[in-house]
Amino acid sequence: MRPFDYQRPDGLDHASLLDRDGATLIAGGTNLLDLMKLQVETPETLVDINRIGLDKIEPTGEGGIRIGALVSNSTCAADPRIRADWPLLSRAILAGASGQLRNKATTGGNLCQRTRCYYFMNIDMPCNKREPGTGCSALNGRNRIHAVLGANENCIATYPGDMAVAMYALDATVEIAGPDKASRSVRVRDFHRLPGERPELDNVLEAGEVITGVTLPAPVGGTQLYRKVRERSSYAFALVSIAAALRMEEGAISRASLAFGSMAHKPWHDLRIDAALTGAKPSDALFDHVADLLLEDAEGYGENDFKIPLARRTVKAVLREATGAST
Amino acid sequence: MSKSITLDQPDERNLLDRMAQGTIGKPRNRLEGPDKVSGVATYAAEFPASNAANGVLVTATISKGEVVSIDEGSVMDMPGVLAVISDQRMIARPAQGGAGEAPVQQVRQVDYWGQPVAVVVAESFEQARDAARRLKITYNADDAGELVLNPEDAKVWEEAPDTETVQQGALPQAMAEAAHAIDATYTTEGHNSAPMEPHAALAEWDGTKLTVHASLQMLNYNIDELADSLGLDAENVHLLSPYVGGGFGSKLGISPDVAAASVAAMQLGRPVRVVLSRQQVFHSVIRRTETTQRLRLAADSDGRLQGFGHEAKVTNLPEEEFAEPVTQASAFLYPGQDRVLKVEMARIHRMTAGSVRAPGEAVGMQALEAAMDELAEKSGIGPVELRLRNIPERHPSDDIPYSSRRLAECLKAGAEAFGWDDDDRRPAQRREGEWWIGTGMATAARIHNIAKAEASVTLMEDGTAVVATDMTDIGTGTYTVLGQIAGEMLGLDPADVLVRLGDSNLATGPGSGGSWGASSSGSAVQIACEAIREELCDMLGCKDEDLTLKDGFAIHSNRRQSLPELLNGRNIEKLGKLEPGDTEDDFSQASYGAFFTEVAVNAHTGETRVRRMSGAFGIGRVLNEKTAKSQCMGGMVWCIGSALTESMMFDRRDGHLVNHDLAEYHVPVNRDVPHLNVIMVEERDPAASPLQAKGVGELGICGGAGAICNAIYNACGVRLRSFPMTPDKLIAELPDI
């Protein structure tokens, strides 16, 4: 670990002002501290934002709910309102990490969680995400956990988290404060990026910006499932995960929203899938069509080829469960 | 003042059952448990040392080549940095278990990615770690294209040095003539011991004597390994390992931290602490080799094996003699006069392969027992019945008898406790929602060894006792069981027996390894106590069979006298010595057992969850029911890891380990482990040790992954021959949904 300055402001203005020129925000630190020990992250200044507030869960005027950026994953998952009206979010959070980690991890920090790519986390290896221009070691290396959607030769890393996948399905909005006190809102579905030509950028946060909260729109009801496939039943990142919020009326799907985790550089959401499901009667043909839409451009890189059939099987399992079709 | 027993004959005296205290075998809690869970127990790196500096190893980022230069100037100006050391006395590899001499030491000749090449010492750990990362090293790397980095690239396979090749009869003919034959090849991936406490050492040098607090399993060998590495006399090296936070083989020999801390302390003249990072624990110490195993089973129409073949391929670094003895249990477990057993090894440039818990059987038994399940299916004989029909009268190659062997009883007791149905073994019959449910079983077998052991026991004038040996407790319960043995023999509550371990100045024990610790050290304690009893008999003028020691009193001829009264101000100190003898060669000795498990396989995702697991084990005398069962449970947890998740993943291009931490190398977590039902089958084995106890520390791993493999087949009809059995392998075989 390299020496760094440490500051702990008491208010947001001060924090966002500091978030420039080599300063890095730390909240729960569950990801950042590991990366600092590995020297994957080498901030010159660490700004601890744990005392700036932003730790409330509050209703919005429109029937939604606003989760402060510093609300811990444990608190969010256990909140009675979240559990009752947005159970998908609660389930996704509880599918991730461990109790101890969820106690520390925060809503804003979790959105900024970095990839678990073996090569990104090892500074002896070339990695375009860590050091742009050095190449992607995973492309022809060990890539069992890597992306099959939206990747390119620059980077095949995945966004590994669970919470954000549920937020994609729930169409959440990320609230961001800028250094000049201006604030903006970004749909979470637009918050993370695909690698493109800039794999070093995980999301659209600009220098000096800080996430202040996440807003969920009014509850959508229906069946809400989070399915996380992994060989170890806890404390493991997903091979494939699916968040599904789906409502049935008179034998047909009246509303559907699906998002997919550990498949791409960002949680994956495809409007065509939601549209194809909405208004349709559940059937294996429909579910196969959904899988086709999801995977039509999927590309494996060797060891992760299995994620393509795994995602097909898993989305069908989730849709059968959510629609009450037989398993 | 000592008593020695050489085990040339089975020890039929069964002393412990004659004693009156009644503590032996009881499920006593581990004495040091509360200290460990409350943080009071002091592990190697935690010993206070004033003015200690901190060293961090610098490890190679090439798989073969040489260090051309180390630019000390690149870090010496950094705050707190004291030294950059790349010394010929450091070690480039860990010592193998029981080596008793220095391992390969040329740290500047790189043979694997992760090899220590230098140690950077600074005032603080953080300064040392930063400097270690920044240290500029120039390598002259061999062309990766010409290196053999992967087993699949190896062209030269040599016969393994330490495993006997058996070529008996004509196996191909037996296979051709067999009523039922199986010829199948299985693969296992590399495993890491992944102990919770990383390897760590704190060395102090006074100009003549070196004192090292380290996390080590076998101090008697470690002393010589370290002294030889440093060019010191063994008398001038003092090792202390009172607590070891798990070893599982990776701390059998000295690890690179031990030599590096010692060299640095000697150079700087102040204490130096070196703790391996979690990543270094994974890539700089020991791996279990990956294996490829061909099993050939030739059975007659009754399922009785006439031919038996087990051939394995393993790997290690050049110059290492250790080769995973994959066929170790295959040599004695099943019959078959036409017989081929062989282990071949290739030299590849991956980190050192060595002993990981139950070297040999851990991977050999899971493949063998998966093959036995295939034979059971092919022959239409129930899996338990097939195994009961294949318990040989005498060792199939050496023609010697078995010592006590409760395999049949384990198979029956385990089957009954589990509710096993040996008759209907049709696969894919039971479905619960998305999940296929199935059952599987396997035999457990692990060789039994004892080693030369000494222990000192002192009966104190106040009627308490002190046991002292350099034996270690690596979490197994050594402190507790040695106290129980002395308590039983001397008629004391174990709470009145102080057990001192893990100090190389104490009597020479065998160390913890090969499941031999309790039966060897425990026998030495028993022998020392016998000598104390003899002296008490002399004092009382009675024979040993007439002396009862119980609750701190000596009783004979209707007289009852307290020990302090009898001792009258003196202590009695005796040294007990155990020597292995002819029973080693006269009997085939092993611990046995049987696993039964039920698994659920998700028909959609290929995820496998173990729903319940039972194990019945015959380990000779049980010294402490709780610690023995805990060893078996721990082993069964390892079975789940070996079956479903554990795999060291090396980059095939450069040989580096990619999943070098506990986030990506997946050992089972609590949620993966169901209730584990452990049954101890009553047994005494007089040929195994004077205690009539056998090894238990490793038995629980030996075969259980095969039971899970068999249960997966029974659940969903997919017969996998590749461990670990991950979802990707299952969905490739499962039908579409």
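Just so it is clear, the structure is predicted and the values come from calculations on it, not from any experiment. (Residues numbered from 1 in each chain as written. Chains lettered and ligands numbered in written order. Predicted model: local features only at pLDDT ≥ 70, side-chain atom pairs only at ≥ 80, totals over all residues. Heavy atoms only, no water.)

**Q** Which residues make up the overall build of chain B, and what values go with them?
**A** Assigned secondary structure in chain B consists of 18 helices and 31 strands. Along the three orthogonal principal directions, the C-alpha set of chain B runs to about 80 × 75 × 50 Å. Out of the 737 residues belonging to chain B, those deemed buried represent 66%. Across chain B, contacts joining residues at least 24 apart in sequence account for 82% of those joining residues at least 6 apart. (Helix = DSSP H or I, 4+ residues; strand = E, 2+ residues; numbered from the N terminus. Buried < 20%, exposed > 50% of the residue type's maximum accessible area, 1.4 Å probe, protein only. Contact = heavy atoms within 4.5 Å.)

**Q** Provide a residue-level description of the overall build of chain A, including the pertinent values.
**A** When helices and strands are counted, chain A shows 11 helices and 11 strands. Taking 20 Å as the expected radius of gyration for a compact globule of 327 residues, we find that chain A reaches 19 Å, a close match to that expectation. Dimensions of chain A, computed from the C-alpha atoms along their principal axes, are close to 60 × 50 × 35 Å. For chain A, the residues scored as buried account for 59% of the 327 residues in total. For chain A, contacts bridging at least 24 residues in sequence account for 63% of all contacts bridging at least 6. Accessible area of chain A: about 12500 Å², with a carbon and sulfur share of 48%. (Rg over C-alpha atoms; globule rule 2.2 N^0.38 Å. Areas by Shrake-Rupley, 256 points an atom, 1.4 Å probe, with all protein chains shown as cover.)

**Q** Please provide a residue-by-residue account of the domain arrangement of chain A, values included.
**A** Along its sequence, chain A is organised into domain 1 (5-48) and domain 2 (223-323). In this structure, domain 1 of chain A and domain 2 of chain A have C-alpha centres spaced 36 Å apart. (Domains from an automatic or database assignment.)

**Q** An account of the pairing of strand S26 (residues 553-556) of chain B is needed here, citing residue identities and associated values.
**A** All names here are of chain B. Because side chains alternate across S26, one face comprises the buried residues Ala 554 and His 556, and the other comprises Phe 553 and Ile 555, none of which is buried. Strand direction decides the pairing type here: strand S25 (residues 548-550) and S26, joined by three bridges, are antiparallel. Paired with Leu 549 across the bridge in S26 is Ala 554. In this structure, the hairpin formed by S25 and S26 is closed by a connection of two residues, where Asp 551 is found at a positive phi of approximately 55°. Taken together, the four bridges between S26 and strand S27 (residues 559-562) define a ladder with antiparallel strand orientation. Following the sheet pairing, Ile 555 is matched in S27 by Arg 560. Counted along the chain from S26 to the antiparallel partner S27, the turn is two residues long, and its residue Ser 557 has a positive phi close to 45°. (Pairing = 2+ DSSP bridges.)

**Q** Before we move on, could you go through the domain arrangement of chain B and cite the residues and values that matter?
**A** Residue and element names in this part refer to chain B. Considered domain by domain, chain B is made up of domain 1 (2-40 + 450-584), domain 2 (44-144 + 197-281) and domain 3 (386-445 + 589-731). In this structure, domain 1 and domain 2 have C-alpha centres spaced 37 Å apart. Roughly 1300 Å² of surface becomes buried between domain 1 and domain 2 when both sides are summed, with 53% attributable to carbon and sulfur atoms. Looking at the side of domain 1 facing domain 2, the largest losses of area belong to Ile 474, Gly 502 and Ser 504, adding up to 33% of the total buried there. Run the count over domain 1 and domain 2 and you get zero salt bridges. Of the residues assigned to the side of domain 1 that touches domain 2, the class counts are five nonpolar, 10 polar and six charged. (Buried area = accessible area lost by both parts, 1.4 Å probe. Salt bridge = Lys/Arg side-chain N within 4 Å of Asp/Glu carboxyl O. Nonpolar A, V, L, I, M, F, W, Y, C, P; charged D, E, K, R; others polar.)

**Q** Can you explain unusual backbone geometry? Please cite residues and give values.
**A** Residues and elements named next belong to chain B. At the junction of Phe 723 and Pro 724, the peptide bond is cis and its omega measures out at -5° in the coordinates. If you trace the backbone, Pro 724 turns up in the loop between helix H17 (704-716) and helix H18 (727-731). Not every positive phi belongs to a glycine, and Asn 558 is a case in point at roughly 60°. Structurally, Asn 558 can be placed in the loop between S26 and S27.

**Q** Describe the sheet that holds strand S3 (residues 45-48) of chain A, and please don't skip the residues or the numbers.
**A** By definition, the strands of a sheet pair up through backbone hydrogen bonds, in either a parallel or an antiparallel sense. Residue and element names in this part refer to chain A. Here we have three strands laid out as an open sheet, ordered S1-S3-S2, and parallel in their pairing. Two strands bound the open sheet, and with one partner strand each, they are strand S1 (5-7) and strand S2 (23-26). Across this sheet, the average inter-strand angle for adjacent strands is 25°, counted without regard to direction. When S1 meets S3, the two strands line up parallel, connected through three bridges. Note on S3: the bridge partner recorded for Tyr 6 is Leu 46. (Axes fitted to C-alpha atoms, helices over the stretch in contact; angles between N-to-C directions.)

**Q** Let's hear about the sheet that holds strand S7 (residues 136-141) of chain B: which residues, and what values?
**A** Read from one edge to the other, the open sheet built from three strands follows the order S5-S3-S7 (chain B), with strand pairing classed as antiparallel. In this open sheet, the two strands that pair with only one neighbour each are strand S5 (109-110) and S7 of chain B.

**Q** Just give me the short version of a negative patch on the surface, but keep the residues and values in it.
**A** A contiguous patch of negative charge, built from Asp8(B), Asp582(B), Glu584(B), Asp585(B) and Asp586(B), is present on the exposed surface. Relative to the elements of secondary structure, Asp586(B) occurs in helix H15 (residues 583-586). (Patch = residues over 30% accessible without salt bridge, like charges linked within 9 Å, V, L, I, M, F, W, Y side chains within 5 Å. Lys, Arg positive; Asp, Glu negative; His and termini not counted. Charge placed at Lys NZ, Arg CZ, Asp CG, Glu CD.)

**Q** Would you mind going over the packing of aromatic side chains in detail, with residue names and values included?
**A** All names here are of chain B. Summed over the entire model, instances satisfying the criterion amount to 11 aromatic pairs over all chains. Ring centres 5.6 Å apart and planes at 75° place the aromatic pair Phe 595 and Phe 617 in the edge-to-face group. Taken as a pair, Phe 595 in strand S29 (residues 590-602) and Phe 617 in strand S30 (residues 608-618) lie far apart in primary sequence, 22 residues in all. Here Phe 595 matches Phe 617 in class, with each residue buried. A network of ring pairs unites the aromatic residues Tyr 43, Tyr 243 and Tyr 479 as a single cluster. Arg 431 extends its terminal NZ or CZ atom over the ring of Trp 436, reaching a point 4.8 Å from the ring centre. (Phe/Tyr/Trp six-rings, centres within 6.5 Å; stacked < 30°, edge-to-face > 60°. Lys NZ or Arg CZ within 6 Å of the ring centre and 35° of its normal.)

**Q** I'd like to hear about the side chain of Ser355(B), residue by residue, with values.
**A** All names here are of chain B. Its location among the elements puts Ser 355 in the loop between strand S19 (338-347) and helix H9 (361-379). What makes Ser 355 buried here is its relative accessible area of 13%. Ignoring anything within four residues of it in the chain, the contact list for Ser 355 reads Gln 96, Phe 248, Gly 249, Ser 250, Leu 252, Ile 286 and Phe 322.

**Q** I'd like a description of the pattern of salt bridges, backed by residues and values.
**A** Residue and element names in this part refer to chain B. With the rule as written, the count across this model stands at 77 salt bridges over all chains. Note that Glu 598 is salt-bridged to Arg 612, the shortest N-O span being 3.3 Å. Within this pair, whereas Glu 598 is found in strand S29, its partner Arg 612 is found in strand S30, the two being separated by 14 residues in sequence. The class for Arg 612 is partly exposed, based on a relative accessible area of 32%. Beyond isolated ion pairs, a larger network of salt bridges with shared partners links Arg 430, Glu 432, Glu 598, Arg 611 and Arg 612.

**Q** Give a detailed account of the packing of helix H16 (residues 625-644) of chain B against H17(B), specifying residues and quantitative values.
**A** If you want to describe how two helices pack, look at the angle between their axes and the distance between the axes. Residue and element names in this part refer to chain B. For the pair H16 and H17, the least separation of the axes is 7 Å and the interaxial angle reads 55°. Classified by the angle their axes make, H16 and H17 are oblique. Crossing angle aside, the handedness with which H16 passes H17 is right-handed. In this structure, H16 uses Cys 639, Ile 640, Ser 642, Ala 643 and Leu 644 to contact H17, whose residues at the interface are Gly 704, Ala 705, Ile 708 and Ile 712. Of the residues contributing to the contact of H16 with H17, the split by class is seven nonpolar, two polar and no charged. (Parallel < 35°, antiparallel > 145°, perpendicular 65-115°, else oblique. Left-handed = near helix turned anticlockwise from the far one by under 90°.)

**Q** Any chance you could break down the state of the cysteines for me, citing the residues and the numbers?
**A** Residue and element names in this part refer to chain A. Taken as a whole, this structure holds zero disulfides over all chains when the rule is applied. Here Cys 76 is not disulfide-linked; the sulfur of Cys 112 is the nearest cysteine sulfur, at 15 Å. Overall, Cys 76 belongs to the buried group, its relative accessible area being 0%. No disulfide involves Cys 127; its nearest neighbouring cysteine sulfur is the one of Cys 117, lying 5.8 Å away. (Disulfide = S-S within 2.5 Å.)

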